[in-house]
Amino acid sequence: MPHGVRWINRKPRSAALLAAIPLALLLVAYLAGSSVRLAENPNDKLMPAPSTIAETWSRMAFEPDTRTGTRLFWEDTAASLRRMGLGLGIATTVALGAGLFVGMLPYARATFSTLVAVLSMIPALSILPILFIVFGVGELAKVVLIVIGVLPFMVRDLTQRVVELPLEQWVKAQTLGASSWQLAVRVVLPQILPRLIDALRLSLGPAWLFLISAEAISATSGLGYRIFLVRRYLAMDVILPYVLWITLLAFAFDLALRLLRRRRYGWLDAEAAG
Amino acid sequence: MTQISVRNVWQEYGDKVVLERVSFELAPHTFCTVAGPSGCGKSTFLRLLLSQETPTRGEIRIDGEPIAPEPMPDRGVVFQRYSVFPHLTVLGNVVLGLEFEGAPFTGRLFGAARRRAEEEASEVLEKVGLFAERHSRPHELSGGMRQRLSIAQTLIKRPRLLLLDEPFGALDPGTRGAMHELVTKLFEEGGMSVFMVTHDLQEAFKLGTRLLVFDKVRVDEQAPERYGANITYDIPLDSPLRRHGYVGIEDTLQKTA
């Protein structure tokens, strides 16, 4: 290595290799720990062997449950994704409308921006009991928790993006004869959609958090429900694949949104770079 | 033919006086260039002409009528930056002005109406030399091309007054020369008046048929914000660019190369 080159200027030849090292170490540590513990006590439940995990997973994914007759893994996945999709769908739609409204109209901004700021400070989980009281313990309360949890942030973020559009564009569109409505649909909305994708990506983490919390407390199916249900049997062979699966789903959503944004709104990044 | 009259206009922000007692008449078909030191209120005045701001006192009339209190298509504008829409193609940027007019609710034209609008927009693009780029996006254009596009956008609305706010300030000298010829040509062909703010005095002399210089006439050392700027020079010009005929664009480019 050349002498005197600063650490900030030294770059790895293969970033992928370096990235794989800590993950591999983690896996090796688990395998080692698991085999040591199982050698001591074959009935140890804390660190099940990979083969046990795979068996349990394939049983839950492919064999009908003796009690309910359904394949639990997929049923849980479907239930959770339905809640997630509904919650995020509603939040995204409302945030788009509210962001345009509050961001574009000074009267709306003066009236609502403080309200939104206050609402976004409320820790959503703290009002979960209220939601259960008001909406019952059914699907609605869980969906509403996701909506309430991510909506204020999304509205604030989108409002900010609207306000950030260069003043020159607002004036120019008016000199081209645009009404407020036309400005909204032809100038502001198309430039805000990629920002909406960004806001949605940032909201995915909190949304999962709210979903799993709500499912943990009151549900009859769902990924979060299952994890908290089997906790009392120390069923790590169920919990671990579920956690991996949730991680994979979260990663896949994020990736899909990122690809969508790059494909449809490439001009935005090019604009920012130029 | 557009005649503009400005009567006793003041612009104040709180205690800060930016413009005071500004009055002048602009004869029809004038290329008025406006120069002056930074902070002299020349851009502020352009914003008043645009109705982006309303004067604290005084009034501005176009052809005898008080100007509308908000920006309108009778006054087109080209800013130094950000005045094209990055999410639309070159053609889309120009068609947009026709779409606003023809489709109040959707802001979009379809079918035959759209084809007509695109034809009209293509003619304008040809005039500013951007027809070949009609399917590009603004981020793929050079700075000069973007300003041409911004001009094309305004032309499709046939404004009575074209407002230019340091439109060529960010361009390299060669491109700037070509743009000078373009705006001169458009000014001579169209019936509109042009009002152009620039910090480049040479450019102001070269293009204008009338030059206004804004500056503060009274200065209070203890309270520099106490007095605003006014017109300190009002010079009728015979634009040299036009007197000598068009200076070849090749000459200008060669000089800079």
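See the structure printed just above.
Quantities reported herein were computed from a predicted structural model and do not represent experimental measurements.

Analysis parameters
- Residues numbered from 1 in each chain as written.
- Chains lettered and ligands numbered in written order.
- Predicted model: local features only at pLDDT ≥ 70, side-chain atom pairs only at ≥ 80, totals over all residues.
- Heavy atoms only, no water.
- Helix = DSSP H or I, 4+ residues; strand = E, 2+ residues; numbered from the N terminus.
- Rg over C-alpha atoms; globule rule 2.2 N^0.38 Å.
- Buried < 20%, exposed > 50% of the residue type's maximum accessible area, 1.4 Å probe, protein only.
- Contact = heavy atoms within 4.5 Å.
- Axes fitted to C-alpha atoms, helices over the stretch in contact; angles between N-to-C directions.
- Parallel < 35°, antiparallel > 145°, perpendicular 65-115°, else oblique.
- Left-handed = near helix turned anticlockwise from the far one by under 90°.
- Nonpolar A, V, L, I, M, F, W, Y, C, P; charged D, E, K, R; others polar.
- Salt bridge = Lys/Arg side-chain N within 4 Å of Asp/Glu carboxyl O.
- Polar contact = N/O pair within 3.5 Å; in protein donor to acceptor, adjacent residues only side chain to side chain.
- Core = buried A, V, L, I, M, F, W, Y, C linked by side-chain atoms within 4.5 Å.
- Patch = residues over 30% accessible without salt bridge, like charges linked within 9 Å, V, L, I, M, F, W, Y side chains within 5 Å.
- Areas by Shrake-Rupley, 256 points an atom, 1.4 Å probe, with all protein chains shown as cover.
- Expected span 1.5 Å × (residues − 1).
- Bend = angle between axes of the 7 residues up to and from the residue.
- Phe/Tyr/Trp six-rings, centres within 6.5 Å; stacked < 30°, edge-to-face > 60°.
- Lys NZ or Arg CZ within 6 Å of the ring centre and 35° of its normal.
- Pairing = 2+ DSSP bridges.

Novice: Is there a simple way to think about the overall build of chain B in this case?
Specialist: Along chain B, the regular secondary structure elements total 8 helices and 10 strands. Relative to the 2.2 N^0.38 estimate, which gives 18 Å for 257 residues, the radius of gyration of chain B is 19 Å and therefore close to what a compact globule would have. Across its three principal axes, chain B shows a C-alpha extent of roughly 60 × 50 × 30 Å. Classification of the 257 residues of chain B by burial places 51% in the buried group. In chain B, 72% of the contacts between residues at least 6 apart in sequence involve partners at least 24 apart.

Novice: Can you help me understand the packing of helix 6 (residues 139–164) of chain A against helix 8 (residues 180–217) of chain A in this one?
Specialist: Residue and element names in this part refer to chain A. The interhelical angle for the contact between helix 6 and helix 8, taken along N-to-C directions, is 150°, at an axis separation of 8 Å. When the axis of helix 6 is compared with that of helix 8, the two are roughly antiparallel. At the point where helix 6 passes helix 8, the crossing takes the right-handed sense. Looking at the contact of helix 6 with helix 8 residue by residue, the classes come out as 18 nonpolar, 2 polar and 5 charged.

Novice: Would you take a moment to explain the interface of chain B and chain A for this structure?
Specialist: Many structure descriptions define interface size as the accessible area lost when the parts assemble. At the interface, 36 residues of chain B touch 22 residues of chain A. The partner of A:Arg186 in a salt bridge is B:Glu99, with the nearest N and O atoms 2.7 Å apart. Where chain B packs against chain A, one counts 11 residue pairs in polar contact (both at pLDDT 80 or more). Those elements that provide at least two residues to the side of chain B that touches chain A are strand 6 (75–78), helix 2 (90–102) and helix 4 (143–155) of chain B. Looking at the side of chain B that touches chain A residue by residue, the classes come out as 17 nonpolar, 11 polar and 8 charged.

Novice: I tried to follow the nonpolar core on my own but got confused; where do I start?
Specialist: Soluble globular proteins: nonpolar side chains tend toward being buried together. In this structure, A:Met84, A:Leu88, A:Met104, A:Met154, A:Leu183 and A:Val188 are the most contacted members of the largest nonpolar core, which totals 65 residues. The greatest single-element share of this core, amounting to 15 residues, is contributed by helix 8 of chain A. When residues no more than four places from it in sequence are discounted, the contact partners of A:Met154 are A:Ala91, A:Thr92, A:Ala95, A:Leu196, A:Ala199, A:Leu200 and A:Ser203. Counting residues in each nonpolar core, the second largest holds 35 residues, with B:Val90, B:Leu130, B:Leu149 and B:Met192 among its members.

Novice: Help me out: how do you make sense of unusual backbone geometry in this one?
Specialist: In terms of backbone geometry, most residues other than glycine have negative phi values and most peptide bonds are trans. All names here are of chain B. The backbone phi angle of His-29 is positive, close to 55°, even though this residue is not glycine. The residue Tyr-82 is not glycine, and still its phi comes out positive at about 65°. With respect to the helices and strands, Tyr-82 occurs in the loop between strand 6 and helix 2.

Novice: Sorry if this is basic, but what is going on with the packing of helix 9 (residues 223–230) of chain A against helix 10 (residues 236–264) of chain A here?
Specialist: All names here are of chain A. The contact between helix 9 and helix 10 brings their axes to 9 Å, and the two run at 160°. With respect to their mutual orientation, helix 9 and helix 10 come out roughly antiparallel. Where helix 9 crosses over helix 10, the two elements pack in a sense that is left-handed. Contacts from Leu-223, Arg-226, Ile-227 and Val-230 of helix 9 reach helix 10 at Val-238, Ile-239, Tyr-242, Val-243, Trp-245, Ile-246 and Leu-249. Across the contact of helix 9 with helix 10, the residue classes break down as 10 nonpolar, no polar and 1 charged.

Novice: Would you explain a nonpolar patch on the surface in this entry?
Specialist: All names here are of chain A. Together, Phe-101, Leu-105, Phe-112, Leu-115, Leu-119 and Ile-122 make up an exposed nonpolar region whose accessible area comes to about 500 Å². The greatest single-element share of the nonpolar patch, amounting to 3 residues, is contributed by helix 4 (residues 106–121). Looking at the secondary structure, you find Leu-119 in helix 4. Look at Leu-119 and you get partly exposed, because its relative accessible area is 41%.

Novice: Mind showing me how you'd approach helix 4 of chain A here?
Specialist: Think of an α-helix as turning once every 3.6 residues; residues three or four places apart then point the same way. For helix 4 of chain A, spanning 16 residues, the distance from its first C-alpha to its last is 23 Å, which sits close to the expected 22 Å at 1.5 Å a residue. Where helix 4 of chain A bends most, the angle comes to about 40°, and this point is A:Phe112.

Novice: How should I be thinking about the packing of aromatic side chains in this particular structure?
Specialist: Between two aromatic rings, the relevant description is the distance of the centres plus the angle of the planes. One pass over the structure, following the stated rule, counts 13 aromatic pairs over all chains. Note on A:Phe73 and A:Tyr242: the rings are 5.5 Å apart at their centroids and 90° apart in plane angle, and the pair reads as edge-to-face. Taken as a pair, A:Phe73 in helix 3 (residues 72–104) and A:Tyr242 in helix 10 lie far apart in primary sequence, 169 residues in all. This pair shows no difference in class: A:Phe73 is buried, exactly as A:Tyr242 is. Ring plane angle 70° and centroid distance 5.3 Å describe the contact between B:Phe31 and B:Phe187, whose orientation is recorded as edge-to-face. Note that B:Phe31 is positioned in strand 3 (residues 31–35) and B:Phe187 in helix 5 (residues 173–189), a separation of 156 residues in sequence. Judged on exposure class, the residue B:Phe31 and its partner B:Phe187 are both buried. Of the aromatic side chains, those joined through ring pairs into one cluster are A:Trp57, A:Phe62, A:Phe73, A:Trp74, A:Tyr242 and A:Trp245. For B:Arg57, the ring lying beneath its charged end belongs to B:Trp10, and the centroid distance is 4.0 Å. When the ring centre of B:Phe131 is taken as origin, the NZ or CZ atom of B:Arg134, which lies over that ring, is 4.0 Å away.

Novice: Looking at this structure, how should I read the pairing of strand 4 (residues 57–62) of chain B?
Specialist: The side chains of a regular strand alternate between the sheet's two faces. All names here are of chain B. With 5 bridges connecting them, strand 1 (residues 4–13) and strand 4 associate as antiparallel partners. Across the sheet, the residue bridging to Trp-10 is Arg-57, located in strand 4. By the bridge criterion, 2 bridges tie strand 4 to strand 5 (residues 65–66) in an arrangement that is antiparallel. When the sheet's bridge partners are listed, Ile-62 is paired in strand 5 with Glu-65. Adjacent in sequence and paired antiparallel, strand 4 and strand 5 are bridged by 2 residues, among which Asp-63 carries a positive phi angle near 50°.

Novice: Quick question: what am I supposed to make of the pairing of strand 3 of chain B here?
Specialist: Residue and element names in this part refer to chain B. The buried count for strand 3 comes to 5 of 5 residues, which makes it a mostly enclosed element. Bridge count between strand 3 and strand 8 (residues 193–197): 4 bridges; the pairing is parallel. Within the sheet, the bridge partner assigned to Val-34 lies in strand 8 and is Val-197. When strand 3 meets strand 9 (residues 210–216), the two strands line up parallel, connected through 4 bridges. From the neighbouring strand, Ala-35 faces strand 9, where its bridge partner is Val-213.

Purely geometric stuff here, so don't read any function into it on its own.
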